[in-house]
Amino acid sequence: MAHLRHQQDAAEMRHQLTGNAGLYHVARELSRRGWHVMPTVRNARGADLYAASDDELRVLPIQSKALSKRAPVPLGGSLDRLCSHWWVITINANTAAPTCFVLTLEEVKAAAHRGVNQAGTVSYWLQPKSYALAEYQEAWDRLGSPSDAARNQAADIAPNSY
């Protein structure tokens, strides 16, 4: 019995390390693009991290889902509980070459697959054929630039020079 418990603990540790590897890879990629990145408390409801521009005029809540390989992403028992406008799914998170897919919440919900187990419990999953698409792969530009907010604000407040 103790051996089985040890195996379960080891599997849980691998799962947690995969999540951490994916989260910190996403933070690295965002930082490389000029965002200030703040991870949140793990396993709290809502965003896993926030990306902010220098002036904090743009703040993006991001849900990170990390997988050790290309596999379905578990979404829980209700799509209504999903939040965070941006989702980044990282596959091969524990390797030297993880791959990220950048989606909106609406895209995640629209592509979600509904499953029902033998006990009648409903669960939702995002299948690889729905997220592992070229249009989402390493599509960090979909988030915009952290400097977009400053440019837009400057355009809004700059007086016309006519």
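Provided above is the structure to which this section pertains.
Because the structure is predicted, anything quoted here is derived from the model rather than measured.

(A) Main features of the nonpolar core. Ranked by size, the top nonpolar core spans 17 residues in total, and within it Leu75, Leu103, Leu126 and Tyr131 carry the most contacts. For this core, the elements supplying multiple residues, two or more each, are β4 (73-76), β5 (86-91), β6 (99-104), α2 (105-111) and β8 (122-126). Among the elements that make up this core, the one with the highest residue count is β5 (three residues). Contacts of Leu126, omitting those with residues within four sequence positions, involve Ala71, Pro72, Val73, Leu75, Ile89, Leu103, Val108, Ala111, Ala112 and Tyr131. Counting residues in each nonpolar core, the second largest holds 15 residues, with Leu30, Ile62, Cys100 and Trp140 among its members.

(B) A look at the sheet that holds β8. The three strands are arranged β4-β8-β7 in an open sheet whose pairing can be described as antiparallel. Pairing within the sheet leaves two strands with one partner each, and these edge strands are β4 and β7 (113-116). Pairwise comparison of adjacent strand axes, ignoring direction, gives a mean angle of 35 degrees for this sheet.

(C) Expanded view of the pattern of salt bridges. The tally for this structure, following the rule as stated, stands at four salt bridges. The shortest N-O distance in the salt bridge between Glu29 and Arg28 comes to 3.0 Å. Note on Glu29: relative accessible area 7%, which makes it buried. For the salt bridge of Arg33 with Glu29, the shortest nitrogen-to-oxygen distance reads 2.6 Å. Among the residues examined, Arg33 registers a relative accessible area of 36% and is labelled partly exposed. Here the salt bridges do not stand alone but share partners, grouping Arg28, Glu29, Arg32 and Arg33 into one network.

(D) Structural view of the pairing of β5. The buried fraction of β5 is high, at six of six residues. Inspection of the sheet shows β5 paired to β6 by six bridges, in the antiparallel sense. Its bridge partner being in β6, Thr90 is matched across the sheet by Cys100.

(E) Seen up close, unusual backbone geometry. Phi at Glu56 takes a positive value of approximately 60 degrees, unusual for a residue other than glycine. Along the polypeptide, Glu56 turns up in the loop between β2 (49-52) and β3 (59-66).

Conventions and cut-offs
- Residues numbered from 1 in each chain as written.
- Predicted model: local features only at pLDDT ≥ 70, side-chain atom pairs only at ≥ 80, totals over all residues.
- Heavy atoms only, no water.
- Core = buried A, V, L, I, M, F, W, Y, C linked by side-chain atoms within 4.5 Å.
- Buried < 20%, exposed > 50% of the residue type's maximum accessible area, 1.4 Å probe, protein only.
- Helix = DSSP H or I, 4+ residues; strand = E, 2+ residues; numbered from the N terminus.
- Contact = heavy atoms within 4.5 Å.
- Pairing = 2+ DSSP bridges.
- Axes fitted to C-alpha atoms, helices over the stretch in contact; angles between N-to-C directions.
- Salt bridge = Lys/Arg side-chain N within 4 Å of Asp/Glu carboxyl O.

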